[in-house]
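Structural description and commentary
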Amino acid sequence: MLHKHKNNCLFFKQNVCLICQLKHSDQSPICRACQVDLPWLEEQCVRCALPLSSANNYCPACLRKKPDFDQVYCAFKYAFPVNAMIPPGKFSNRTDYLSALNQLALKTISFITYPDCLVPVPMHPKKLLQREYNHAWLLAQDISRTFNIPIRNDILYKRIHTRNQINLSAAKRRQNLRNSFQCVNSPPPHIMLVDDVVTTGTTTNIISKLLKQAGCKRVDVFALTRTDKPSGK
């Protein structure tokens, strides 16, 4: 079981695993044994990263209709214990969970091409005020430091305060997000969107289409985790 505590500090307790809470010799916030047991995403759709039973294939949804984004990079499946770490990382200021997972993800993911900039999926100002931080921005900071890629938060704006999309189908998500994002500046040719979870791909697809309509040529997506929900469902 994940350890609960009231300390919201961004720093880690050295040699104490965030998952099992046992002391360990490795300097990572997650011990080697727990790292091995994480739900690593292996066989996946070569475009949207949907978990598959075999590698180097497209999922049925991507074969039926090519999404507006070009490539999704994910390290984990949305399964235990990752699915128990993401919600407190997003909503309860346990950003140490997100940072720990991101450190491991960035050691395993290899980008085919490097983008001109990183764009964290924006939050509406009202939601940002309530939550006090954008988890996508924190993930983007780690990527920026690791690969020396600049972050741009002046390209996209969330102009409509939409309801939470948990448990919504892809169709309901599209309806919920309709016209909610706005491209406020001309994008560079290659952008990488950053978020925590890709579920149906609706958010990233809507934003990617908007960016390409504004002149962007390639939109990749970085997320920590991928659910097993195909797009369009």
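On a predicted model such as this, the values are computed, not experimentally measured, just so you know.

1. Examining the packing of helix α4 (residues 95-108) against helix α6 (residues 135-147)
Look at α4 against α6: their axes get within 10 Å of each other, and the N-to-C directions meet at 35 degrees. Between α4 and α6 lies a crossing of right-handed hand. Each of T95, L98, S99, N102 and L106 in α4 lies in contact with α6, whose residues at this interface are H135, L138, L139, D142, I143, T146 and F147. A class-by-class count of the residues in the contact of α4 with α6 yields six nonpolar, five polar and one charged.

2. Here's the deal with the pairing of strand β6 (residues 218-226)
Moving residue by residue along a regular strand, the side chains alternate between the two faces of the sheet. Judged by how many residues are buried, β6 sits mostly within the fold: eight of nine residues are covered. Viewed along the sheet, the connection from strand β5 (residues 190-198) through helix α8 (residues 202-213) into β6 turns out right-handed.

3. What about the pattern of salt bridges?
Proximity of charged atoms lets side chains of opposite charge pair with each other. Taken as a whole and judged by the stated rule, the model has seven salt bridges. The salt bridge involving K212 is made with D70; its shortest N-O contact spans 2.9 Å. Of this pair, K212 sits in helix α8 while D70 sits in the loop between α2 (60-64) and β1 (71-77); the two residues are 142 residues apart in sequence, bridging distant segments of the chain. Where R218 meets D220, a salt bridge forms, and the shortest distance between an N and an O atom there is 3.1 Å. Assessed through its relative accessible area of 26%, R218 is described here as partly exposed. On the basis of relative accessibility, which here comes to 0%, the residue D220 falls in the buried class.

4. Structural notes on the pairing of strand β2 (residues 117-120)
With burial as the criterion, each face of β2 is covered, one bearing C117 and V119 and the other bearing L118 and P120. Where β2 meets β5, four bridges bridge the pair, whose relative direction is parallel. The partner of L118 across the bridge, within β5, is M192.

5. Let's talk about the confidence of the model for the protein chain
With 86% of its residues at a pLDDT of 70 or more, the protein chain shows a mean pLDDT of 89. Ignoring residues within four places in sequence, the model shows residues 3-13, a span with pLDDT below 50, making 19 contacts including any to other chains.

About the cut-offs
- Residues numbered from 1 in each chain as written.
- Predicted model: local features only at pLDDT ≥ 70, side-chain atom pairs only at ≥ 80, totals over all residues.
- Heavy atoms only, no water.
- Axes fitted to C-alpha atoms, helices over the stretch in contact; angles between N-to-C directions.
- Helix = DSSP H or I, 4+ residues; strand = E, 2+ residues; numbered from the N terminus.
- Left-handed = near helix turned anticlockwise from the far one by under 90°.
- Contact = heavy atoms within 4.5 Å.
- Nonpolar A, V, L, I, M, F, W, Y, C, P; charged D, E, K, R; others polar.
- Buried < 20%, exposed > 50% of the residue type's maximum accessible area, 1.4 Å probe, protein only.
- Right-handed = clockwise from strand over helix to strand, strands pointing away.
- Salt bridge = Lys/Arg side-chain N within 4 Å of Asp/Glu carboxyl O.
- Pairing = 2+ DSSP bridges.
- pLDDT = per-residue confidence, 0-100.

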